[in-house]
Amino acid sequence: MPNTTNERRVISVVVMNESSVLARVTALFAGRGYNIESLTVAPIPNSDMSHITIETKGNARVMEQITKQLHKLIPVYKVIEHEEMVEKEMVLVKFPIAENLSDIAALAAAYNGGIVNVGKEMVVAQVADEPKRVKHFIEAAQRYNPCEIVRGGVVAIER
Amino acid sequence: MQMSGAQMVCEAIIAEGVKTVFGYPGGAIMHVYDEIYKQNGFEHILNRHEQAAVHAADGYARATGEVGVAMVTSGPGFTNAVTGLATAYMDSIPMVVISGQVPLSLIGTDGFQEIDAVGISRPCTKHNFLVRSLEELPRILKEAFYLARTGRPGPVLVDIPKDITVEIGEFKYPESVNIPTYKPTYKGNNRQIEKAVEAIKKAKKPLLYLGGGVVASNAYKLVRELAEKTQIPAVETLMARGVMGAKNPLLLGMLGMHGNYASNMAMSETDLVISLGARFDDRVTGKLSEFAKYADVIHVDIDPANISKLVDVDYPIVGDITQVLEKMIPLLEGVNPDRYQAWREILKRYDELHPQSYEDSDEVIKPQWAIERIGELVGEQAIITSDVGQHQMWAAQHYPFDRPRQWINSGGLGTMGFGLPAAIGAKRACPEKTVINITGDGSILMNVQELVTAAEYKTPVINVILNNHFLGMVRQWQTFFYEKRYSETDLTFQPNWKMLVEACGGIGYDVTTKEEFDAALKDAIEKDKVCFMNVAVNRFENVLPMVPAGGALFNMMLPPKIENNGEEK
């Protein structure tokens, strides 16, 4: 029997960098009822391709279908879906200036980040780390009353 | 050569060898129509509705295996075509639809007759293009035809802004296509084929499960050869009727919701399903957990996404059926057909126990009789199209189909109103054949305007309306599952069919007896004009056997077990 538990997976999709290619990919997920947890897109340097990284959830059969259906899209060149991926995610968090800045700096440093901007009323910290650690950082940051959190979505590369 | 975008469209159509284009002009596509007026490389059929134009191109494609072409304008012209695209997409029919679009400068401004055609058609086309410059138009046209007919075939939309059709540029139709992201797999993996052959040799109760892919791959001769060599029995899906040929003793019939007893029992008891170009549709499998429960599965399909989509497959083979069978058949050389003798006998007993049957009547025409009678009178020289509903299932069950492409119907999407325009397309493609649309009093009124098209172009399509004054299939479900509450299915109020068809330039026949039926059909064939045969049939006849939706295939409602055949007479 196939694995029926819903597992988090990261799928890398290499596509032709042409108009509406992202719409084709996201419409496929919407139309067939698959989840998108996060999504990042950017052109691949020195090529006419783009790299789309999709974080999704589903059981083994759903994963197989997602992979095959993605591959069926005409502008899709390659679909990479396996467990051996190096994954990173970025997050920006805005804190009130009144919070303890050295604590925030130390916390961000512990997650490979730091303070990247200081304004009159706000300070912005940046962290780039594994998605799980980013989640931990956001949890830990709660005690400093963050007023805005922007996550970047997962980027991944094969090991 | 220098020419306008509109000319390029016509030149591409001619270069692709298309003889007939179906369509309907309008503002955004007018420049192309102006060029159609000037050329004589192909004929254009003016359907009376864009949906019908696309169905007609679809019928043309199904009858020939060639790419069908339809042309529509922007906005409502395109949205009307969507049902046609979806119909072709679900049944993997090669087709190119060319739509006009507002000029590039107006795109995104809610211009008159502007609609996001590529956005709307994305889930119901194999691929679609919005042309953004004249330079890319020849390449896109070439790719559209290539994508439509290669791999798993399907409809492709090319949406062309009006200003691009006016612009003049250099035209050179590409000779080849290079799409680095599109490389369908045609050759099956040798190792997988060998493993599948071993499984066939070990099986005791193998079963060929044949789908529309056999038709698309033009592989029916190889499939028959495989069956004859091994003496493995076969079942066909709705889309594969004609593949084995009705007289073939190895053909059990159609399986699924309205499959015959022997076919459904064979699928329930087989130990090895050999699926060729079928996709395990829910109307075929019934309850998935009970489907082919005791079987390993060999699945040959050109679309990898079809494999293990619904049923776990033990021997997946991605490839074109023709190429896979060319490798597989020689490997089966040593198989002794006697090996499956006991299995064939079990199935023969099943068929004798509950053959595909109905109770005929002398008082009223039974729809099944009408279909069998058409088969007796015109048989293999006819192409049969159908609409959707009871008449479609009766035609699939009872017509003696001899070859693929003889049976043209909307299987996957189930589009009412498909039959008449598809028949027009098939008749344009195969003028020497008698083309008969088996339809119902519900379906025929969707796209009934196509009578005018058929009359204008002297395209004599015979429409046999199996008239039960009901939306029969819905009525049947209401009888069985909704305690006979006939909500909005009673079609007692009807047009005068004879007057309707005559008003459009055809001939009408009202038929209430078997004698009248024979006389009308003979006269219709002789007169060679579009016609209606309005056949009054038994009102409460049901399509049987029937597997209730979601039930196991072996739990069929069978003719003798339904009291009074469903309802009061």
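Residues numbered from 1 in each chain as written. Chains lettered and ligands numbered in written order. Predicted model: local features only at pLDDT ≥ 70, side-chain atom pairs only at ≥ 80, totals over all residues. Heavy atoms only, no water.

## Brief notes about the overall build of chain A
We apply this condition: Each helix corresponds to a stretch of at least 4 residues labelled H or I by DSSP, and each strand to a stretch of at least 2 residues labelled E; elements are numbered beginning at the N terminus. Buried residues are those whose accessible area, probed at 1.4 Å on protein chains only, stays under 20% of the maximum for their type, while exposed residues exceed 50% and partly exposed ones sit between those limits. Contacts are assigned to residue pairs with any non-hydrogen atoms lying within 4.5 Å of each other. With residues, only the protein chains shown are counted as cover, and all accessible areas are computed by Shrake-Rupley using a 1.4 Å probe.
Across its full length, chain A holds four helices and eight strands. Reading chain A from its N terminus to its C terminus gives the helix and strand order β-α-β-β-α-β-β-α-β-β-α-β. In chain A, which comprises 159 residues, the proportion classed as buried is 41%. Once local pairs closer than 6 in sequence are excluded, the contacts in chain A between residues at least 24 apart make up 71%. Summed over its atoms, the accessible surface of chain A is roughly 8,500 Å², and 52% of this surface lies on carbon and sulfur atoms.

## Here we look at the environment of serine 410 of chain B
Residues and elements named next belong to chain B. Worth spelling out the cut-off: Whenever two N or O atoms come within 3.5 Å, that pair is a polar contact, provided that in protein one can donate a hydrogen and the other can accept it, and provided that, for residues adjacent in sequence, both atoms are side-chain atoms.
Among the structural elements, serine 410 can be located in the loop between β16 (407-408) and α17 (419-429). Linking serine 410 and glycine 319, residues 91 residues apart in sequence, is a C-alpha distance of 25 Å. Among residues more than four places away in sequence, those in contact with serine 410 are Thr87, Asp91, Val388, Gln392, Thr415 and Phe418. From its side chain, serine 410 meets the backbone nitrogen of threonine 415 in a polar contact 2.9 Å long.

## Comments concerning the pattern of salt bridges
What counts here: By convention in these notes, a salt bridge is any Lys or Arg side-chain nitrogen within 4 Å of a carboxyl oxygen on Asp or Glu.
Applying the stated criterion to the full structure yields 39 salt bridges over all chains. With a shortest N-O distance of 2.4 Å, arginine 62 of chain B and aspartate 58 of chain B are connected by a salt bridge. Here the residue arginine 62 of chain B and the residue aspartate 58 of chain B both occupy positions in helix α3 (residues 50-64), the gap between them amounting to four residues, near one helical turn. Across this residue pair, the class does not change: arginine 62 of chain B and aspartate 58 of chain B are buried. Here lysine 247 of chain B makes a salt bridge to aspartate 402 of chain B, at a shortest N to O gap of 3.4 Å. Of the two residues, lysine 247 of chain B sits in the loop between β10 (234-236) and β11 (251-254) while aspartate 402 of chain B sits in the loop between α16 (390-398) and β16, which places them 155 residues apart along the sequence. Judged by its relative accessible area of 68%, lysine 247 of chain B is exposed. It is possible to trace a salt-bridge network through shared partners that takes in Glu7, Arg9 and Glu81 of chain A.

Purely geometric numbers; function is a separate question.
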